[in-house]
Amino acid sequence: MWGKKSKKNKESKGTAIFPIKIDTLEQILSDKFEKNPDLKFSHYKIFDTNVAVFFIDYQIDVDKFQNSLLDPLVNFEINQEKLTNQNLLNELPLNSGSVYEDLESILSNLIIGEVFIYIEGEKKALGYQLPMKESRSLEKAETESLVLGPKISFTESLSKNLNIIRWIIKSTDLVMEEFKIGKVSPKDVRLVYMKSIANEVDVQTMRQRLKEVDTDQVEDAIILKQYLEDSQTNFFPQFDITERPDRFTYNVLQGKLGVLVENSPAGFTAPATLFSFLESTEDLYMRWQGGTFYRLLRFFAMFFSIIIAPTYVAALSYQYAIIPTQLLITIGQSRAAVPFPPIFEVLLLEFMLELLREAGARLPTKVGQTMGIVGGIVIGQAAVEAGLTSNILIILVAMSALASFVTPSYLFGTSIRLVRFPLIILAGFFGLIGIVFGITLLIIHVTRLTSLGRPYLVPLYPLRLKDFNKVFFRTPFSHNNKRARSYRPKILKRYSEKDASKIRDIDE
Amino acid sequence: MEINLKVKPGNQIQAFYLFFIITSLQIGVGIIGAPRFIYMEAGRDSWLSILISLVYICILVMCMFYILNQYENTDYFGIQVDIFGKWLGKLLGTIIILHFGFSFFSILLTYIEVIQLFIYHALPNLLIAILIMILVLYTVFGGIRVIVGITFLLFLSTFWLLLVLYDPILRVNWLNLLPIFQTSFTDLLKGSRATSYTLTGFEILMVIYPFIQNKEKAKLPVFLGLIYTTIMLLIVTIISIGYFSPEGLKSIDWALLILYKSASFTFIERLDYIVVTVWLMVILPNLALSLWVMSYGMKRLYKVPQKITLWIITILILIIVNFFQYDYQISDMTNFVGKYGFWITYVYPFILLPIVLVKKRRKKDKGSDTT
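Residues numbered from 1 in each chain as written. Chains lettered and ligands numbered in written order. Predicted model: local features only at pLDDT ≥ 70, side-chain atom pairs only at ≥ 80, totals over all residues. Heavy atoms only, no water.

Details of the overall build of chain A
Next up, step 1: Along its length, chain A carries 18 helices and 12 strands.
Next up, step 2: Here the C-alpha radius of gyration of chain A, 30 Å, is well above what a compact globule of 508 residues would show, namely 23 Å.
Next up, step 3: Seen through its principal axes, chain A has C-alpha atoms that stretch 105 × 70 × 50 Å.
Next up, step 4: Out of the 508 residues belonging to chain A, those deemed buried represent 49%.
Next up, step 5: Here the contacts in chain A between residues at least 6 apart in sequence split such that 64% fall between residues at least 24 apart.
Next up, step 6: For chain A, the exposed surface amounts to about 25600 Å²; the carbon and sulfur share of it is 58%. (Helix = DSSP H or I, 4+ residues; strand = E, 2+ residues; numbered from the N terminus. Rg over C-alpha atoms; globule rule 2.2 N^0.38 Å. Buried < 20%, exposed > 50% of the residue type's maximum accessible area, 1.4 Å probe, protein only. Contact = heavy atoms within 4.5 Å. Areas by Shrake-Rupley, 256 points an atom, 1.4 Å probe, with all protein chains shown as cover.)

Okay, here's the thing in structure tokens:
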């Protein structure tokens, strides 16, 4: 996966074919584009000079081509000048012209929407970029929808995404370094950070990693993220992927690095911590009490979601003494008709729920709604009446599923849901000690993780008490005037605390 | 062998974590059964014995710091080789490693016995040992920073165990603690001696010291850690005496776990089950740190790669653990560790100190002669 790119990126001096007869040029091109009927090659005779214009028709903006390139070219005689490359560059009302000598670069630029003009007898061919790139228009964020705050989401077009970010961070400090990744089909990748804030070491590390990626092509930002992460074998996402520009820019302004990939409706920010997946920008839009409450709620939900089904299994299989008598009677009654051991019962129900979730995600929205109703009835009623599961378990499993969906990051939510299954099995084999074993293993696993070389559990370990108000709860902005120390930004202060928390006398 | 160590900045730890390292190593399985042993010796004045131990340990740790400050940046292994020469120094170093090995083993066995008695009567030793060793190995393979991290995180996540003791506290009959000052001084000292197995662990200071980043701040967390552990032991002992009555305590092996039996909530009963299982989190840092000392010591002394030592020790433990089937074997083992560990932990530093000072003086004289 991590090949080193050969440093000797030779300046490949391709075959210089010019000057050439236009008919021969057409022959060469049609040989190269065999069985590709899309290459348009047209001859013109202007001033007794043979001129060829060639392009791929669906890759270019036809209107622009017609008005700004073809019309002036054909009417060139009006100026009474000799038709040369230089004169054409001067005359045509387009700013993206450049000259090419070798066949390879002509071919590779043809496919990304350049129009070429070749004047017979010239040593070079003239190329104009008139690309037309189809992309979705900007839409509302769907996977990370919020009640408050901006609704816009990234789209597949890199230039649109960069445009959005530039308009949010109107600062000359904002850097967007360009990288090309992929050997077969190179893609534009941008490393976005604030020059004056982002940690230099982090930038260097990320740059290094981006340069070292050696792959034929990256399909999406999420895939590039997996190439770049510190450890590929472990369970949790290490970079924070998001489709919301506000979340992206908030992180960039806090001193993190962002990465955007062409054709990907999401960007990711690094370094991330375990807790950053539980943060939502909505915490900031709400007042601090609400923000704190919902952030804590998410932490609790994560814990609850992991622990509840395994505890049911452990308690009913082995340590039923931990359940108080009243509750035990209720559970016993509801489980009386169920013929399976608890572990099987739980796995069955969790499996059904995962099926429902997956089916809901794959189906079109209209059918998806019906799925929900069907699932609700099947799971809610029929399963109990058929004696497959107990009522109480349904409540518990539904609650734990709900709890796993409150995580703002979909990827992280998936990790949480996956973690449950080994824990349920451990609980089925060893009871409570199995759960404690599993949880401890998880804690060790998370402690060992790093994200861009920084500890995954910061600010909990290594302990930085002053960052707690950015991670575990929120304080009013008058007490929140510094960036998180955990990521070691160059500038810590955001605004003066003195002015923010100035106490005024009554009636002043 | 290099006497002074150079530790990479990436492996250094903040002095503040020493608090958690010291307390985690001290609180292992010892505290579960300690009240009975202390009470057998010192009676109602057990609390006095514990305080005497605290004073003694504080003096001991000061002495340790004094020894460590004579050198630039070194540990037990380096000091011993420096003082006693290559052969004797390495032999003594090996004894230190063995000491940690034995205490590791006694903790593991005692915990296995607790699990078998409280929860799973038929679960074989090997299976529990494998589960625990997976956790310990996974931690130690992460290196010193992960070990310290686990120590810290598990300390936080098991802290609530202390709060549950509110229930037995409410039920204590305080009259059981009266009359005070009845025990003779020799019995008090014997009582202090009975705390030794529980309170060992702070000797890791002599091994982990080179890894501390800000050494000038190291003293406070260490002493706070010692005080914290002692207060824990004090609370548990006093509650046990008050709760079980003097006669009852004599026949109760694991007083602390039984104390948890009385607490119950509307959503949970029999908290002792949970406490016994969560106790795995309490002993894990202890085991991980001990195992790390062993592997690290072998690297220091004999240049054996840490990974090899870890695998060998793991295989040895998984074999030996099968031979301990009965209660008396385990308590014999624990007694052995307590006795042998007493001399290493509580007496040896006082012997080492004058030798270090003499050696230092002599070196200084030599140095002034030549210059």
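Observations regarding helix 5 (residues 125-140) of chain B
Next up, step 1: Over its 16 residues, helix 5 of chain B runs 22 Å from end to end, which matches the ideal 22 Å to within 8%, given 1.5 Å per residue.
Next up, step 2: For helix 5 of chain B, every residue scored as buried is listed here: N125, I128, A129, L131, I132, M133, L135, V136, L137, T139 and V140 of chain B.
Next up, step 3: Buried residues in helix 5 of chain B make contact with helix 15 (410-430) and helix 16 (432-448) of chain A together with helix 4 (76-118), helix 6 (144-157), helix 14 (271-302) and helix 15 (306-320) of chain B. (Expected span 1.5 Å × (residues − 1).)

Digging into the sheet that holds strand 10 (residues 267-270) of chain A
All names here are of chain A.
Next up, step 1: The 5 strands are arranged 6-7-9-10-8 in an open sheet whose pairing can be described as antiparallel. The outermost strands of the open sheet, each flanked by one partner alone, are strand 6 (174-181) and strand 8 (240-242). For this sheet the average axis-to-axis angle between neighbouring strands, irrespective of direction, equals 25°.
Next up, step 2: Both strand 8 and strand 10 contribute to a ladder of 3 bridges, which runs antiparallel. Pairing of I241 across the sheet is with F268, part of strand 10.
Next up, step 3: Sitting on the sheet, helix 7 (residues 221-228) is in contact with strand 6, strand 7 (187-194), strand 8, strand 9 (257-261) and strand 10, with an inclination near 30° to strand 10. (Pairing = 2+ DSSP bridges. Axes fitted to C-alpha atoms, helices over the stretch in contact; angles between N-to-C directions.)

Points about the environment of F344 of chain A
Residue and element names in this part refer to chain A.
Next up, step 1: Position of F344 among the secondary structure elements: in helix 12 (residues 342-362).
Next up, step 2: Residue classification places F344 among the partly exposed positions, given a relative accessible area of 42%.
Next up, step 3: Taking the C-alpha atoms as reference points, F344 and T15, separated by 329 residues in sequence, lie 68 Å from one another.

Looking at the interface of chain A and chain B
By a frequent convention, interface size equals the accessible area lost on bringing the separate parts together.
Next up, step 1: Contacts between the two partners involve 26 residues from chain A, matched on the other side by 36 residues from chain B.
Next up, step 2: Taken over both partners, the interface formed by chain A and chain B buries close to 2800 Å², and the fraction arising from carbon and sulfur atoms is 78%.
Next up, step 3: The largest share of the area that chain A buries against chain B comes from I433, R448 and Y461 of chain A, three residues that together contribute 24% of it.
Next up, step 4: Counting across the interface, chain A meets chain B through 0 salt bridges.
Next up, step 5: There are 8 residue pairs in polar contact (both at pLDDT 80 or more) connecting chain A and chain B.
Next up, step 6: In terms of residue count, helix 16 of chain A provides more of the side of chain A that touches chain B than any other element does, 12 residues in total.
Next up, step 7: In the side of chain A that touches chain B, the residues fall into 19 nonpolar, 6 polar and 1 charged. (Buried area = accessible area lost by both parts, 1.4 Å probe. Salt bridge = Lys/Arg side-chain N within 4 Å of Asp/Glu carboxyl O. Polar contact = N/O pair within 3.5 Å; in protein donor to acceptor, adjacent residues only side chain to side chain. Nonpolar A, V, L, I, M, F, W, Y, C, P; charged D, E, K, R; others polar.)

So, the packing of aromatic side chains
All names here are of chain A.
Next up, step 1: This model, assessed by the stated rule, comprises 52 aromatic pairs over all chains.
Next up, step 2: Consider the rings of F235 and F236, whose centres lie 6.0 Å apart with planes at 65°: the pair is edge-to-face.
Next up, step 3: What makes F235 partly exposed here is its relative accessible area of 37%.
Next up, step 4: On the basis of relative accessible area, F236 is assigned to the buried category, the value being 6%. (Phe/Tyr/Trp six-rings, centres within 6.5 Å; stacked < 30°, edge-to-face > 60°.)

Focus on the confidence of the model for chain A
Next up, step 1: With 95% of its residues at a pLDDT of 70 or more, chain A has an overall mean of 86.
Next up, step 2: The model gives residues 1-12 of chain A a pLDDT under 50, and that stretch makes 16 contacts with residues more than four places away or in other chains. (pLDDT = per-residue confidence, 0-100.)

Topic: the packing of helix 4 of chain B against helix 14 of chain B
Residue and element names in this part refer to chain B.
Next up, step 1: Running from N to C, helix 4 and helix 14 cross one another at 160°; their axes reach a closest spacing of 9 Å. Relative to helix 14, the element helix 4 lies roughly antiparallel. You can see that helix 4 and helix 14 cross each other, and the crossing is left-handed.
Next up, step 2: Each residue belonging to the contact of helix 4 with helix 14 can be placed in one class, and the counts come to 22 nonpolar, 9 polar and 3 charged. (Parallel < 35°, antiparallel > 145°, perpendicular 65-115°, else oblique. Left-handed = near helix turned anticlockwise from the far one by under 90°.)

A short note on the nonpolar core
Next up, step 1: Core analysis: the biggest nonpolar cluster contains 199 residues, and I208, W279, L291 and W292 of chain B have the highest contact counts within it.
Next up, step 2: Looking at which element gives the most residues to this core, the answer is helix 14 of chain B, with 21 residues.
Next up, step 3: Core analysis: the next-biggest nonpolar cluster, separate from the first, contains 25 residues, V175, L191, M206 and F239 of chain A among them. (Core = buried A, V, L, I, M, F, W, Y, C linked by side-chain atoms within 4.5 Å.)

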